[in-house]
Amino acid sequence: QVQLVESGGGLVQAGGSLRLSCAASGSAFGINVMGWYRQAPGKQRELVATISSGGSTNYPDSVKGRFTISRDNAKNVVYLQMNSLKPEDTAVYYCNAHIYVLSKDYVYWGQGTQVTVSS
């Protein structure tokens, strides 16, 4: 029904920057919340950033001040600007979307894009 397609991952040196994009399609309703999660090998998936349709954002301390999430509601695209990258940021990054309809939470995930930060 709803597809999330991610792009922008790659290999960068520590201190560098990357910009991830996630395009959502197939939704007949507005997407309430979009976000980014990441998962490194052997670790649990963790929250990176979220943004509501109204523009409210949340970040964990690990990325606060370095990462910025934004969205284009008209195009259903969410971005993650990552600056001052560190080797510990290396992970597969997943796009996420929530659609609330009739008191139900429909959750969708992208396929993931690899981000590798070398030292």
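Bear in mind that the values here come from a model prediction, so they are computed numbers and not experimental data.

Basis of the calculations
Residues numbered from 1 in each chain as written. Predicted model: local features only at pLDDT ≥ 70, side-chain atom pairs only at ≥ 80, totals over all residues. Heavy atoms only, no water. Helix = DSSP H or I, 4+ residues; strand = E, 2+ residues; numbered from the N terminus. Disulfide = S-S within 2.5 Å. Polar contact = N/O pair within 3.5 Å; in protein donor to acceptor, adjacent residues only side chain to side chain. Contact = heavy atoms within 4.5 Å. Pairing = 2+ DSSP bridges. Phe/Tyr/Trp six-rings, centres within 6.5 Å; stacked < 30°, edge-to-face > 60°. Lys NZ or Arg CZ within 6 Å of the ring centre and 35° of its normal. Axes fitted to C-alpha atoms, helices over the stretch in contact; angles between N-to-C directions. Core = buried A, V, L, I, M, F, W, Y, C linked by side-chain atoms within 4.5 Å. Buried < 20%, exposed > 50% of the residue type's maximum accessible area, 1.4 Å probe, protein only.

Asks: For unusual backbone geometry, give the residues involved together with the corresponding values.
Replies: Positive phi is not limited to glycine here, since asparagine 76 has a value of about 55°. Here asparagine 76 shows up in the loop between strand E7 (67-72) and strand E8 (77-82). Here leucine 102, not a glycine, exhibits a phi torsion of approximately 50°, which is positive. One can find leucine 102 in the loop between strand E9 (91-101) and strand E10 (104-109).

Asks: Would you mind going over the state of the cysteines in detail, with residue names and values included?
Replies: Under the defined criterion, the tally for this structure stands at one disulfide. Shown here is the disulfide that connects cysteine 22 with cysteine 95, its sulfur atoms set 2.1 Å apart. One disulfide, between cysteine 22 and cysteine 95, carries an S-S torsion of -85° and so falls in the left-handed class. Placement of cysteine 22 in strand E3 (residues 18-25) and of cysteine 95 in strand E9 is noted, with a sequence separation of 73 residues between them.

Asks: How would you summarise the side chain of asparagine 96 if you had to cite specific residues and measurements?
Replies: By the element assignment, asparagine 96 lies in strand E9. Looking at asparagine 96, its side chain comes within polar contact range of the side chain of histidine 98, at 3.3 Å. Excluding anything up to four places from it in sequence, asparagine 96 contacts Leu4, Val33, Met34, Gly35, Tyr37, Val107, Tyr108 and Trp109.

Asks: Could you give an account of the pairing of E3, with specific residues and numbers?
Replies: Bridge count for strand E1 (residues 3-7) against E3 is five bridges, and the pairing is antiparallel. For serine 7, the partnering residue across the bridge sits in E3 and is serine 21. Sheet topology note: the E3/E8 ladder contains six bridges and is antiparallel. Each residue of the ladder has a partner; that of serine 21, found in E8, is tyrosine 79.

Asks: Quick one: what's the story with the packing of aromatic side chains, residue by residue and with numbers?
Replies: Under the criterion given, the structure shown has one aromatic pair. Considering the side-chain rings of tyrosine 37 and tryptophan 109, the 5.1 Å spacing of their centres and the 65° angle between planes classify their relative orientation as edge-to-face. With tyrosine 37 in strand E4 (residues 33-39) and tryptophan 109 in strand E10, the pair connects residues that are 72 residues apart, well separated along the chain. Cation over ring: arginine 19 sits above tyrosine 79, and NZ or CZ is 4.3 Å from the ring centre.

Asks: Break down the sheet that holds E7 for me, with residues and values.
Replies: In spatial order, the strands read E1-E3-E8-E7; together these four strands make up an open sheet with antiparallel pairing. The sheet is open, and its two borders are formed by E1 and E7, each paired with just one other strand. The sheet shows a mean angle of 15° between the axes of neighbouring strands, taken without regard to direction. With six bridges connecting them, E7 and E8 associate as antiparallel partners.

Asks: Give a detailed account of the nonpolar core, specifying residues and quantitative values.
Replies: Counting residues in each nonpolar core, the largest one holds 31 residues, and the members touching the most others are Met34, Trp36, Leu80, Met82 and Tyr93. No other element matches E9, which puts six residues into this core.

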